Amino acid sequence: VTITTRQLVSHLSGIRHYEKDITKVKEEKEKANRALKLTKSHQDKEQKAKEGKGTENTDCAKQKKEHDSETKSRNAKPGRNDKEFEQEEYYLKEKFESVIESLKIFKNDPLFFKPGDQFLYSTYGFTLLSAVVERASGQKFTDYMLKMFRDLDMLTTVLDDNEAMIYNRARCYIYNKKGRLVNAPYVDNSYKWAGGGFLSSVGDLLKFGNALLYSYQAGQFQNKNSKLLPGYLKPSTVAMMWTPVPKTEVSWDRDGKYAMAWAVVEKSQQCGCCRQQRHYASHTGGAVGASSVLLILPEELGPEAGGTWPGAPPRGVIVTIICNMQSVSLNSTALKIAREFEREKQAQ
């Protein structure tokens, strides 16, 4: 078969994730699809019920639902029921000297499906992608990435190397089988630098988000008084990266689709005075003892956007959260924070 880099970056390659048993993967997908159908059916029933009620009752019901959801989230113990972290390969301790060497973990395993036919999130797909970068650039993947981080002024973003002394490195935690908080076990991430092998800070991730948002919006501005610097990427490149790809899905937001290494929710509103779906791009991160999210909510630009420098890009809200706790769901929290900042700006 032929596997393209676009299929790798959108998780359509057929390369396995940590689970080696395709039967178990199919069972989990079927369960998720059934749960999604039940959720949508319940939402449709709620919508019909709301149509016959006043705004005040609807708002009360919404507030109660949000309160119940937040209470459930606060009381939940992250990681206790997360089956993904039961996979042995999450806890590899072997040191790989190169990206090419780490391919031996999965290179002889069968594909789960024909490339391009289905979506399956795969960390190993990104390991192969990093090998492509290494061959195309003619240098080690880690050297290539660290140079890019320097270009973006992300000076605290480094390899998660256990042997290196890293200033202000945080300890990571998990819940054990008894529900008690314990230190995360030792792992070596050299087998998956591209899919979860870097340490960063919220400040650096904000710089990364701003660089992408600037690149995305730079083409929409025509500054007459001063020359607008180009973005790190071409506007068309970011737009392509943030264009949903068919046959994909997103676990952390059912309204979204996977694009190129990003989850994207497109702007949508089916009926007047109903729920409006805002355009945003995000990605969550999960590792042994850590969770994260980076969410970019671009401002909806009108025809007057291409003005002078004070109104130039980046325009929007960027939220990033890093927490040294395993299996914490952060995307919905980041989206709520972004919307609050957006509402505050609109009210000014």
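Above this text you will find the structure in question.
This report concerns the structure included in the present document. The numbers attached to residues start from 1 for each chain and follow its sequence in the written order. Residue-level local features of this predicted model are given only where pLDDT is at least 70; pairs of side-chain atoms are given and counted only at 80 or more, and the full residue set underlies all totals for whole chains, interfaces and linings. With hydrogens and water stripped out, all remaining heavy atoms of the structure feed into the side-chain values.

## Looking at a nonpolar patch on the surface
- Distance thresholds for patches are 9 Å for like charges and 5 Å for nonpolar side chains (Val, Leu, Ile, Met, Phe, Trp, Tyr), applied to residues having over 30% relative accessible area and no salt bridge. To measure how exposed things are, a 1.4 Å probe is used in the Shrake-Rupley method; for residues, cover is taken only from the protein chains shown. When a carboxyl oxygen of Asp or Glu is within 4 Å of a side-chain nitrogen of Lys or Arg, the pair counts as a salt bridge. Together, Val1, Ile3 and Leu111 line one region of the surface with nonpolar side chains, adding up to about 270 Å² of accessible area.
- Where helices and strands are cited, they refer to DSSP runs of H or I of at least four residues and of E of at least two residues respectively, numbered from the N terminus. Examined against the element boundaries, Leu111 turns out to sit in the loop between helix H4 (99-102) and helix H5 (123-137).
- Relative accessible area serves as the criterion here: at 32%, Leu111 is assigned to the partly exposed category. Buried, partly exposed and exposed residues are distinguished by accessible area as a fraction of the type maximum, computed with a 1.4 Å probe on protein chains only: under 20%, between the cut-offs, and over 50%, respectively.

## Things to note about the packing of aromatic side chains
- Each Phe, Tyr or Trp ring, with Trp reduced to its six-membered ring, pairs with another whose centre is within 6.5 Å; inter-plane angles below 30 degrees give stacked pairs, above 60 give edge-to-face pairs, and intermediate values give tilted ones. In the structure shown here, the tally under the stated rule is eleven aromatic pairs.
- On the basis of an interplanar angle of 45° and a centroid distance of 5.6 Å, the ring pair of Phe119 and Tyr258 is categorised as tilted. Of this pair, Phe119 sits in the loop between H4 and H5 while Tyr258 is found in strand E5 (residues 257-258), placing the two residues 139 residues apart along the sequence. Exposure class is identical for Phe119 and Tyr258. Each is buried.

## Examining the nonpolar core
- Side-chain atoms within 4.5 Å are what join buried Ala, Val, Leu, Ile, Met, Phe, Trp, Tyr and Cys residues into a set we call a nonpolar core. Within the largest apolar cluster, 43 residues are counted, with the highest numbers of intra-cluster contacts made by Tyr124, Leu212, Trp242, Trp262 and Ile296.
- Of all the elements in the fold, those that place two or more residues in this core are helix H1 (5-9), H5, helix H6 (141-151), helix H8 (202-218), helix H9 (235-241) and strand E8 (290-298).
- The leading source of residues in this core is H8, at five residues.
- Throughout the structure description, domain borders are defined by an automatic or database domain assignment. Summarising the domain contributions, this core has at least three residues from each of domain 1 (1-36 + 82-155 + 187-197) and domain 2 (200-301 + 309-347).

## A closer look at the environment of Thr157
- Within the secondary structure, Thr157 sits in the loop between H6 and strand E1 (158-159).
- When its relative accessible area of 5% is taken as the criterion, Thr157 is described as buried.
- Along the chain, Thr157 and Val202 lie 45 residues apart, while their C-alpha atoms are 10.0 Å from each other.
- In what follows, a contact means two residues having at least one pair of non-hydrogen atoms within 4.5 Å. In this view, Thr157 contacts Leu146, Phe149, Leu199, Ser200 and Asp204; residues no more than four positions away in its chain are not counted.
- For Thr157, the side chain forms a polar contact with the side chain of Ser200, separated by 2.8 Å.
- A 3.5 Å cut-off defines polar contacts: any pair of N or O atoms within that distance qualifies, except that in protein one atom must be a possible hydrogen donor and the other a possible acceptor, and neighbouring residues in sequence count only when both atoms are side-chain atoms. Polar contacts involving the side chain of Thr157 include one to the side chain of Asp204, which spans 2.7 Å.

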